[in-house]
Amino acid sequence: MARKPLREAPHLSARLPDGHAADTISQADAPDITTFAGGGRSARDWKPKHIYFTADAYREPHGRRIAARLEDLGLTYDVQKGNRLPRLGGATVRETYQRAKNTLAIVNAPPSALRLTPIPPSADWQFHLAKGCPAHCQYCYLAGSLPGAPVTRAYANLDTILENNAAYIDPNRPETTFEASCYTDPLGIEHLTGSISRTIGWFAGQPGARLRWVTKYDRVEPLLNLVHNGRTRCRISLNADWVTKRLEGGTADLSARLLALRKLALAGYPVGAVLAPLMPFEGWQEAYAEMLGQLRAALPAGADLTFELITHRFTPGSKGILQEWYPNTSLDFDEEKRTKKHNKFGSHKFVYPREQMRELKEYFTAAIAREFPEAEVLYFT
Ligand code: SF4
């Protein structure tokens, strides 16, 4: 049934009183934000055309917070009688894709989602705020990983999900890390869910835990005044302008992402640059040098920065799906130019050949050491 917008309890209860960790960068030490020639093109806020709540999700406190956000945005939604969603596919692949990318389902994470799994090398554990993403990256990591139509499913039982994390914090180690963006871009749906804000607030109160998440979006303003106690590392996914413009539809452009990273660093968050997916396209060294130069200019003095370096890869399954979704893609899926990398489950992915991997690794390691001697490179893969 269609619901008319209701006025309910404020949905911003995730927002905690203002205040920053002791290591917040002093505004006096940092150049004024207006001096960075950033700006660029922000990502447009996603306004899904179809929004469904399952009955259980609508009963959850966080489900009601999401409903209040939707109402504030003037978006209407349907609440299902039970916990099944309506059929979300279309008659053709294209139709299914278009409908799914315009659909938000608010559901409860199933019990299996509460049995966390490790996610090396990124973090000790992965947990999920949502599965699916409204952006249109032509190499999307989710293709082939998530079954069915690419609907975004946001989880309403967030309080249960967060409390469940507590059981995975190892009291014998100084910190246990948790990754929240394996299957979604949390900032791309934050205006609809408020979930990453609430999660940052929860981790702020967990001395032994660290949150990590990554985005290609730029509307970070709701996060800037949260109490985070330095326990969340906000990472921005960056790539050469050439890649971002051609292959990352619906996301913020490079300048807007860099400005977002700068704002997060100025708000005292540890930050990260996830350089992914790295591609040796023609002129790649100059293009990546330019991107790293822009990052250097955007970073305020004293920022706590890490790098993660991830080369482009695909599986036979993801290639098939992506070529159906993006039939005119300029992304190079030529298996002849790749090396097969097998995993312990007997399947394989296509990665760049050893020599190209070596070249990429050497280039980025040297460039980062030169431009960002203070930063740590966490891994290259
Ligand atoms: S932002 Fe990430 S999850 Fe979203 S479409 Fe792009 S690659 Fe996929």
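Our subject is the structure listed above.
Residues numbered from 1 in each chain as written. Predicted model: local features only at pLDDT ≥ 70, side-chain atom pairs only at ≥ 80, totals over all residues. Heavy atoms only, no water.

Caption draft 1: The overall build of the protein, seen in detail. A tally of regular secondary structure across the protein gives eleven helices and 18 strands. When each of the 381 residues of the protein is scored for burial, the buried share is 53%. If you sum the accessible surface of the protein, you get close to 17200 Å²; carbon and sulfur atoms cover 52% of it. (Helix = DSSP H or I, 4+ residues; strand = E, 2+ residues; numbered from the N terminus. Buried < 20%, exposed > 50% of the residue type's maximum accessible area, 1.4 Å probe, protein only. Areas by Shrake-Rupley, 256 points an atom, 1.4 Å probe, with all protein chains shown as cover.)

Caption draft 2: Seen up close, the nonpolar core. Among the nonpolar cores identified, the biggest contains 91 residues, and Phe127, Leu275, Tyr288, Phe307 and Phe364 are the most heavily contacted of them. If we ignore the near neighbours within four places in the chain, the residues touching phenylalanine 127 are Leu116, Ile161, Leu162, Asn165, Phe178, Glu179, Ala180, Thr199, Phe203 and Leu211. One finds Trp46, Ala57, Ala130 and Ile189 within the second-largest nonpolar core, a separate group that totals 18 residues. (Core = buried A, V, L, I, M, F, W, Y, C linked by side-chain atoms within 4.5 Å. Contact = heavy atoms within 4.5 Å.)

Caption draft 3: Expanded view of unusual backbone geometry. Along the chain, proline 120 connects to proline 121 via a cis peptide bond; the corresponding omega equals 0°. Assignment of secondary structure puts proline 121 in the loop between β5 (117–119) and β6 (123–126). Non-glycine residue asparagine 229 carries a positive phi angle of around 55°. Along the chain, the position of asparagine 229 falls in the loop between β11 (209–215) and β12 (232–238).

Caption draft 4: Local environment of the pattern of salt bridges. A complete count under the given rule lists 18 salt bridges for this structure. Taking the shortest distance from any N to any O, the salt bridge between lysine 263 and glutamate 221 comes out at 2.6 Å. In this pair, lysine 263 is assigned in helix α8 (residues 254–266) and glutamate 221 in the loop between β11 and β12, connecting sequence segments 42 residues apart. Between aspartate 332 and lysine 337 there is a salt bridge whose closest N-O contact spans 2.8 Å. Aspartate 332 gets classed as partly exposed once you look at its relative accessible area, which sits at 34%. Connected via shared salt-bridge partners are Glu179, Arg212, Arg235 and Glu308. (Salt bridge = Lys/Arg side-chain N within 4 Å of Asp/Glu carboxyl O.)

Caption draft 5: Structural detail: helix α11 (residues 354–371). Taking 1.5 Å of rise per residue, 18 residues should cover 26 Å, and α11 covers 26 Å from first to last C-alpha, within 8% of that figure. Of the residues making up α11, those classed as buried are Met357, Leu360, Tyr363, Phe364, Ala367 and Ile368. The arc enclosing the buried residues of α11, seen along the axis, measures out at 135°, which places them on a common side. Relative to its buried face, α11 has exposed residues pointing more than 90 degrees away, namely Arg354 and Arg370. Residues of α11 that are buried sit in contact with β14 (271–278), α9 (284–298), β15 (305–311) and β18 (376–380). (Expected span 1.5 Å × (residues − 1). Arc of directions from axis to C-beta.)

Caption draft 6: Highlighting the packing of aromatic side chains. Evaluation of the coordinates by the stated rule reveals 22 aromatic pairs. Seen from their ring centres, tyrosine 58 and tyrosine 77 are 6.0 Å apart, and the 50° between their planes marks the pair as tilted. Taken together, the residues tyrosine 58 in helix α1 (residues 55–59) and tyrosine 77 in strand β3 (residues 77–79) connect sequence positions 19 residues apart. Across this residue pair, the class does not change: tyrosine 58 and tyrosine 77 are buried. Between tyrosine 97 and tryptophan 325, the aromatic rings sit 5.3 Å apart at their centres with planes inclined by 45°, giving tilted as the arrangement. Residue tyrosine 97 is found in helix α3 (residues 93–100), and its partner tryptophan 325 is found in helix α10 (residues 316–325); the two are separated by 228 residues along the sequence. What links up through ring pairs into an aromatic cluster is the set Trp242, Phe281, Trp284, Tyr288, Tyr363 and Phe364. Above the ring of tyrosine 58, the side-chain terminus of arginine 64 is found at 4.1 Å from the ring centroid. Positioned over the ring face of tyrosine 352 is arginine 338, at 4.0 Å from the centre of the ring. (Phe/Tyr/Trp six-rings, centres within 6.5 Å; stacked < 30°, edge-to-face > 60°. Lys NZ or Arg CZ within 6 Å of the ring centre and 35° of its normal.)

Caption draft 7: Just the site of the ligand, in detail. Taken together, Cys133, Ala135, Cys137, Tyr139, Cys140, Tyr141, Leu142, Asp185 and Lys216 make up the full set of residues near the ligand. Of the residues belonging to the shell around the ligand, the class tally is seven nonpolar, no polar and two charged. (Near = heavy atom within 4 Å. Nonpolar A, V, L, I, M, F, W, Y, C, P; charged D, E, K, R; others polar.)

Caption draft 8: Spatial organisation of the sheet that holds strand β10 (residues 176–179). Spatially, the eight strands line up as an open sheet ordered β5-β6-β10-β11-β12-β14-β15-β18, and their pairing is mixed. Two strands bound the open sheet, and with one partner strand each, they are β5 and β18. Direction aside, neighbouring strands of the sheet carry axes that sit 30° apart on average. For β5 and β6, the ladder comprises two bridges, and the chain directions are antiparallel. Its bridge partner being in β6, threonine 117 is matched across the sheet by glutamine 126. (Pairing = 2+ DSSP bridges. Axes fitted to C-alpha atoms, helices over the stretch in contact; angles between N-to-C directions.)

Caption draft 9: How the structure looks around the pairing of strand β4 (residues 103–107). With five of its five residues buried, β4 lies for the most part within the structure. Because side chains alternate across β4, one face comprises the buried residues Thr103, Ala105 and Val107, and the other comprises Leu104 and Ile106, equally buried. With four bridges joining them, strand β2 (residues 50–53) and β4 adopt parallel strand pairing. Following the sheet pairing, isoleucine 51 is matched in β4 by leucine 104. For β4 and strand β9 (residues 152–155), the ladder comprises four bridges, and the chain directions are parallel. Of the residues in β9, the one forming a bridge with valine 107 is tyrosine 155.

Caption draft 10: Geometry of the packing of α9 against α11. Interhelical geometry of α9 versus α11 gives an angle of 30° and a closest axis separation of 11 Å. Looking at the two axes, α9 sits roughly parallel to α11. For the pair α9 and α11, the crossing hand works out as right-handed. Residues Trp284, Gln285, Tyr288, Ala289, Leu292 and Arg296 of α9 lie in contact with α11, whose contacting residues are Glu359, Leu360, Tyr363, Phe364, Ala367 and Glu371. Of the residues contributing to the contact of α9 with α11, the split by class is eight nonpolar, one polar and three charged. (Parallel < 35°, antiparallel > 145°, perpendicular 65-115°, else oblique. Left-handed = near helix turned anticlockwise from the far one by under 90°.)

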